[in-house]
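The chain contents come next:
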Amino acid sequence: MASSSVPKLKLGSQGLVVSAQGLGCMGMSGSYGPPKSESAMIDLLRHAILSGVTFLDTADVYGPYTNEILIGKALKEIGLRDEVQIATKFGFKLDDEKFEVCGDPAYVRSACEGSLKRLDVDCIDLYYAHRIDTRVPIEVTMGELKKLVAEGKVKYIGLSEASGSTIRRAHAVHPITAVQNEWSLWTRDVEGEIVSTCRELGIGIVAYSPIGWGFLAAGPTLVENLIADDFRKNMPRFQNVEHNKIVFEQVNSMATRKGCTPAQLALAWVHHQGSDVVPIPGTTKIENFNQNIGALSVKLTAEEMAELESFASSDMVKGDRNGHMQLTWMNSETPPLSSWKDN
C-alpha cells in the first residue's frame, strides 16, 4: 500500500484524486540522453508509489512508445494499479520519422488504443491532448475523446498547452479535468488567462517542468554537464546561461537561508500557487525524488513569494522557454466547428 505521507488532493471538479505532487516519467526513456536502466527505473517507480507519489505522467511520444511500456511493466511488478493515477497523452503523430501534431478523430482513437495496449491497462485515468492541432476544431477532437470516456477507455480528459479560449470550447463539449502547461518560477505566462479560466471552470492545473528543466536545481553546473543528445542543449534559456545564472544564484542564496535546496524552493513556490495546482517534477534518481518530496514541507510567506518572483521577473530571464514556441498555448487556436467537413 502507498504511504500517506504525501497528501492527496482533488484535481479539477470531476472526481479525480491524485497525489499533491506527481512524477514526470519522460526522462526515464530518453530526451535527456540515452534511456535509463529498466530495472533501475522500475525501482524508482516502486519507491515513488510506496512513498505516496501515485500520479504518474507519461505520453506515447516519450521514447517514443517505450515509456508507456515501462510504466505498464512497472505497475504489473509493483501490483498497486488501483492506487495509481496514470496520465498519458496523444497528439504527436509519427509520420515518415517526423512528428506532427494531430487531433483527427481517427488518430485520437488509434492513439488511445495503442496507449492502452502499451500500458497494459483497461482504462487511462487522465488522457491529455499533448498539443493542440490548429487544423482541426477542438470540438471535433473532444467529440472523439468524449466517446472514449463513454466506452470506459478513458476516465478523465485533459489538455496540454491550451489557451483560455481553447479550454472553454473543449470544456463545452465534455468537462475538462486538468490542463497541463509549463509553470515554474521563471515561466509564468500562464498566470493570466489560463489560470483564471481553469479556476472559473473548476479545472485542475498540472505544472510541468516546475524546476525550470532542472536549471533552478543546479544552475550553470547542469548546463556544463549536459551530454550531447540532451535536448535541453538547444533551449534558448540554456544558451544564455551567463545571463540566467543570476536567477539561480539568487534562488540558491535564499534556499541556503531557509535550510532547503534550490530545487525544493522552486518546487515549493509552485505548490504555494494553490491547492488546485499539482507540479510533476521528473527525475531518474531516487535521491532527487526524495529531495523533491521535501518541497512539500517548505513553507513560504507572502514576502518570500514576492522576493522569489523578483529574482525571475521577465526582464531577468533571457531566452524563450523552449525552441518550439509555436507549440505553446499562445498558438493553440483552432478553426470554428462550422468549418469542419467530416469526410
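Residues numbered from 1 in each chain as written. Predicted model: local features only at pLDDT ≥ 70, side-chain atom pairs only at ≥ 80, totals over all residues. Heavy atoms only, no water.

Labelled according to an unreviewed UniProt entry, the chain appears under the name NADP-dependent oxidoreductase domain-containing protein, originating from Centaurea solstitialis.

Chemist: Can you walk me through the overall build of the chain in this structure?
Modeler: Assigned secondary structure in the chain consists of twelve helices and twelve strands. At 19 Å, the chain has a C-alpha radius of gyration in line with the 20 Å of a compact globule built from 343 residues. Once the C-alpha set of the chain is aligned to its principal axes, its extents read approximately 60 × 45 × 40 Å. By the burial criterion, 56% of the 343 residues in the chain qualify as buried. Across the chain, the fraction of contacts at a sequence separation of at least 24, relative to all contacts at a separation of at least 6, is 78%. Split by element, the accessible area of the chain, about 14200 Å² in all, is 52% carbon and sulfur. On the chain, the mean spot of the 34 positive side-chain charges and the mean spot of the 42 negative ones are 2 Å from each other. (Helix = DSSP H or I, 4+ residues; strand = E, 2+ residues; numbered from the N terminus. Rg over C-alpha atoms; globule rule 2.2 N^0.38 Å. Buried < 20%, exposed > 50% of the residue type's maximum accessible area, 1.4 Å probe, protein only. Contact = heavy atoms within 4.5 Å. Areas by Shrake-Rupley, 256 points an atom, 1.4 Å probe, with all protein chains shown as cover. Lys, Arg positive; Asp, Glu negative; His and termini not counted. Charge placed at Lys NZ, Arg CZ, Asp CG, Glu CD.)

Chemist: What's the story with helix H4 (residues 138–150) in this structure? I'm lost.
Modeler: Side chains three or four residues apart in an α-helix point the same way, a direct result of the helix having 3.6 residues per turn. Taking 1.5 Å as the rise per residue, H4 with 13 residues should run 18 Å; its terminal C-alpha atoms sit 18 Å apart, in good agreement. For H4, the set of buried residues is Ile138, Glu139, Val140, Thr141, Met142, Glu144, Leu145 and Leu148. Against strand S5 (85–90), helix H3 (105–119), strand S8 (124–129), strand S9 (154–160) and helix H5 (164–173) lie the buried residues of H4. Count one or two residues on from H4 and you reach Gly152, which has phi positive near 80°. (Expected span 1.5 Å × (residues − 1).)

Chemist: Looking at this structure, how should I read unusual backbone geometry?
Modeler: For the peptide bond that leads from Gly63 to Pro64, omega is -5°, which places it in the cis range. Of note, Pro64 is situated in the loop between strand S4 (55–57) and helix H2 (66–78). Phi at Tyr65 takes a positive value of approximately 75°, unusual for a residue other than glycine. As for its position among the elements, Tyr65 is in the loop between S4 and H2.

Chemist: Would you take a moment to explain the nonpolar core for this structure?
Modeler: Grouped together as the largest cluster of nonpolar side chains are 111 residues, with contacts concentrated most on Leu45, Phe55 and Leu159. Broken down by element, the residue count for this core peaks at seven residues, all from helix H10 (residues 262–271). In contact with Phe55, not counting residues within four places along its chain, are Leu11, Val18, Ser19, Gly22, Leu23, Gln85, Ala87, Leu126, Tyr128, Val206, Val278 and Ile280. (Core = buried A, V, L, I, M, F, W, Y, C linked by side-chain atoms within 4.5 Å.)

Chemist: Looking at this model, I keep getting lost on the packing of helix H9 (residues 241–258) against helix H12 (residues 302–311). Mind explaining?
Modeler: If you want to describe how two helices pack, look at the angle between their axes and the distance between the axes. Packing of H9 against H12 leaves a shortest axis separation of 9 Å and a crossing angle of 155°. Considering their axes alone, H9 and H12 lie roughly antiparallel with respect to each other. Facing H9, whose interface residues are Val247, Gln250, Val251, Met254, Arg257 and Lys258, H12 presents Glu304, Glu307, Leu308 and Phe311. Taken together, the residues that form the contact of H9 with H12 break down as five nonpolar, one polar and four charged. (Axes fitted to C-alpha atoms, helices over the stretch in contact; angles between N-to-C directions. Parallel < 35°, antiparallel > 145°, perpendicular 65-115°, else oblique. Nonpolar A, V, L, I, M, F, W, Y, C, P; charged D, E, K, R; others polar.)

Chemist: Sorry, what's going on with the UniProt feature "domain: NADP-dependent oxidoreductase" (unreviewed entry) in the chain here?
Modeler: Following the UniProt record, the feature "domain: NADP-dependent oxidoreductase" (unreviewed entry) maps to residues 22–311 here. Taken end to end, residues 22–311 has its terminal C-alpha atoms 26 Å apart, with 44% of it in helix and 16% in strand. (UniProt positions renumbered as here; feature names shortened; annotations may be inferred.)

Chemist: Just checking my understanding: could you explain the sheet that holds S9 for this structure?
Modeler: In any sheet, the strands associate via hydrogen bonds between backbone groups, in a parallel or an antiparallel arrangement. On the basis of which strands lie adjacent, the open sheet formed by eight strands has the order S3-S4-S5-S8-S9-S10-S11-S12 and parallel pairing. Lying at the two open borders of the sheet, with one neighbouring strand each, are strand S3 (23–24) and strand S12 (277–279). Strands S5, S8 and S9 of the sheet are contacted by H3, whose axis makes an angle of about 140° with S8. (Pairing = 2+ DSSP bridges.)

Chemist: Would you take a moment to explain the packing of aromatic side chains for this structure?
Modeler: When we look at a pair of aromatic rings, we describe it by the centre distance and by the angle of the planes. Following the criterion strictly, the structure yields eight aromatic pairs and no others. When the centroid spacing of 5.4 Å and the interplanar angle of 85° are considered together, the rings of Trp213 and Phe231 count as edge-to-face. Of this pair, Trp213 sits in the loop between strand S11 (204–208) and helix H7 (215–218) while Phe231 sits in the loop between helix H8 (220–224) and H9, and the two are 18 residues apart along the sequence. Among the residues examined, Trp213 registers a relative accessible area of 13% and is labelled buried. Using a relative accessible area of 31% as the deciding quantity, one classes Phe231 as partly exposed. Judged by centre distance (6.5 Å) and plane angle (70°), the rings of Phe215 and Phe248 are edge-to-face. With Phe215 in helix H7 and Phe248 in helix H9, the pair connects residues that are 33 residues apart, well separated along the chain. An identical accessibility class is assigned to Phe215 and Phe248; each is buried. Here Arg232 stacks its cationic end above the ring of Tyr32, 4.1 Å away from the centre of that ring. Positioned above the aromatic ring of Trp186, the side-chain terminus of Arg237 is 5.1 Å from the ring centre. (Phe/Tyr/Trp six-rings, centres within 6.5 Å; stacked < 30°, edge-to-face > 60°. Lys NZ or Arg CZ within 6 Å of the ring centre and 35° of its normal.)

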